[in-house]
Amino acid sequence: MNDTKTTAAVSSQEKPSVLKEFCRKCIVGLKRSPQTIPFLVLVLAFLYYSLNLTSVSNTTARIQGQGMGLCGFATMLFSILSFVCFLNAFPHRKKPNIFMLILLFAMLGIVIYCDDYYIGSIALALTRPDNPIPLEPSTIYIALAYNVLNTHIGIIIAAIALTVLMPVYKIFLKKINTSVRVEDFGKMAEIDISGED
């Protein structure tokens, strides 16, 4: 009975230390590769857009505005290509590739423009004086697509800001103490390093 209590106490003490060690390793990884932060935000933007692509496609089919389908295609294409540019812009243990960074920002700018154009097309279709599209339960996906694109633009802007501000928060990441404290319990004093016989 006592052994069970002891095991439970030990395991409960180990859990926080395992979590703490995991967090420490994550911070160490971010200190070595701070570009991981904006890259993950970029991945989040792509996943958010992709998982809500049905509402965007249905909106395109319903409104059939000029260039809406092309904007949706361009958003997906340049979102995928921006991953390639990002990975090449920050090669491992090398200085950032300026050309790839410029190309990355250009692609993300195109994505923002396409989203903004698409949002404008939705607003025009809903408010035009001639045969406006009403928002009903059957066309609620249009409002969803409108909100998705606005949120997508916000996430892309956040990724751009995190990429630009990387030198700033890189300094703060380096100031975080991630060293492991090693306790010798007085045994270090017993080691003879004099080399004398």
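Our subject is the structure listed above.
Residues numbered from 1 in each chain as written. Predicted model: local features only at pLDDT ≥ 70, side-chain atom pairs only at ≥ 80, totals over all residues. Heavy atoms only, no water.

**Describing the nonpolar core**
A general tendency of soluble globular proteins is for nonpolar side chains to be buried together.
Part 1 of the argument: In this structure, Leu42, Phe90, Leu104 and Ile156 are the most contacted members of the largest nonpolar core, which totals 21 residues.
Part 2 of the argument: Secondary structure elements with two or more residues in this core: helix 2 (36-51), helix 4 (68-89), helix 5 (98-127), helix 6 (140-164) and helix 7 (166-175).
Part 3 of the argument: Here the element with the most residues in this core is helix 5; it accounts for 6 residues.
Part 4 of the argument: Residue contacts for Leu42: discarding those within four places in its chain leaves Ser82, Phe83, Phe86, Leu104, Leu108, Ile156 and Ala159.
Part 5 of the argument: Counting 17 residues, the second-largest nonpolar core is a separate cluster that includes Tyr49, Cys71, Tyr118 and Ala145. (Core = buried A, V, L, I, M, F, W, Y, C linked by side-chain atoms within 4.5 Å. Buried < 20%, exposed > 50% of the residue type's maximum accessible area, 1.4 Å probe, protein only. Helix = DSSP H or I, 4+ residues; strand = E, 2+ residues; numbered from the N terminus. Contact = heavy atoms within 4.5 Å.)

**Focus: the packing of helix 3 (residues 53-63) against helix 4**
Part 1 of the argument: For the pair helix 3 and helix 4, interaxial distance at closest approach is 9 Å and the crossing angle is 160 degrees. Considering their axes alone, helix 3 and helix 4 lie roughly antiparallel with respect to each other. Contacts between helix 3 and helix 4 involve Leu53, Thr59, Thr60 and Ile63 from the first element and Met68, Gly69 and Met76 from the second.
Part 2 of the argument: Looking at side-chain class alone, the contact of helix 3 with helix 4 contains 4 nonpolar, 3 polar and no charged residues. (Axes fitted to C-alpha atoms, helices over the stretch in contact; angles between N-to-C directions. Parallel < 35°, antiparallel > 145°, perpendicular 65-115°, else oblique. Nonpolar A, V, L, I, M, F, W, Y, C, P; charged D, E, K, R; others polar.)

**Concerning the side chain of Asp115**
Part 1 of the argument: Considering the arrangement of structural elements, one finds Asp115 in helix 5.
Part 2 of the argument: The side chain of Asp115 is buried and forms no salt bridge, while Arg128, the nearest opposite charge, is found at 19 Å.
Part 3 of the argument: Here Thr75 takes part through its side chain, which lies 3.4 Å from a polar atom of the side chain of Asp115.
Part 4 of the argument: Residues contacting Asp115, with those up to four places away along its chain left out, are Tyr49, Thr75, Leu149, His152 and Ile153. (Lys, Arg positive; Asp, Glu negative; His and termini not counted. Salt bridge = Lys/Arg side-chain N within 4 Å of Asp/Glu carboxyl O. Polar contact = N/O pair within 3.5 Å; in protein donor to acceptor, adjacent residues only side chain to side chain.)

**What about the packing of aromatic side chains?**
Part 1 of the argument: Under the definition given, this model contains 5 aromatic pairs.
Part 2 of the argument: Plain terms: the ring middles of Phe46 and Phe83 are 5.5 Å apart, the flat faces sit at 80 degrees to each other, and that makes the pair edge-to-face. Here the residue Phe46 occupies a position in helix 2, and Phe83 occupies one in helix 4, the gap between them amounting to 37 residues. Neither Phe46 nor Phe83 differs from the other in exposure class; each is buried.
Part 3 of the argument: Of the aromatic side chains, those joined through ring pairs into one cluster are Phe39, Phe46, Phe83, Phe86 and Phe90. (Phe/Tyr/Trp six-rings, centres within 6.5 Å; stacked < 30°, edge-to-face > 60°.)

**What to know about the state of the cysteines**
Part 1 of the argument: Scanning the entire structure with this criterion turns up 0 disulfides.
Part 2 of the argument: You can see Cys114 has no disulfide; the closest cysteine sulfur is in Cys71, sitting 4.4 Å from it.
Part 3 of the argument: The exposure class assigned to Cys114 is buried, which follows from its relative accessible area of 7%. (Disulfide = S-S within 2.5 Å.)

**Quick notes on helix 7**
Part 1 of the argument: Along helix 7, the positions that sit buried rather than exposed are Met166, Tyr169 and Leu173. Along the axis of helix 7, the buried positions cluster into a sector of 80 degrees, meaning they face one direction only. What points out from helix 7, more than 90 degrees from its buried face, is the exposed set Pro167, Phe172, Lys174 and Lys175. (Arc of directions from axis to C-beta.)

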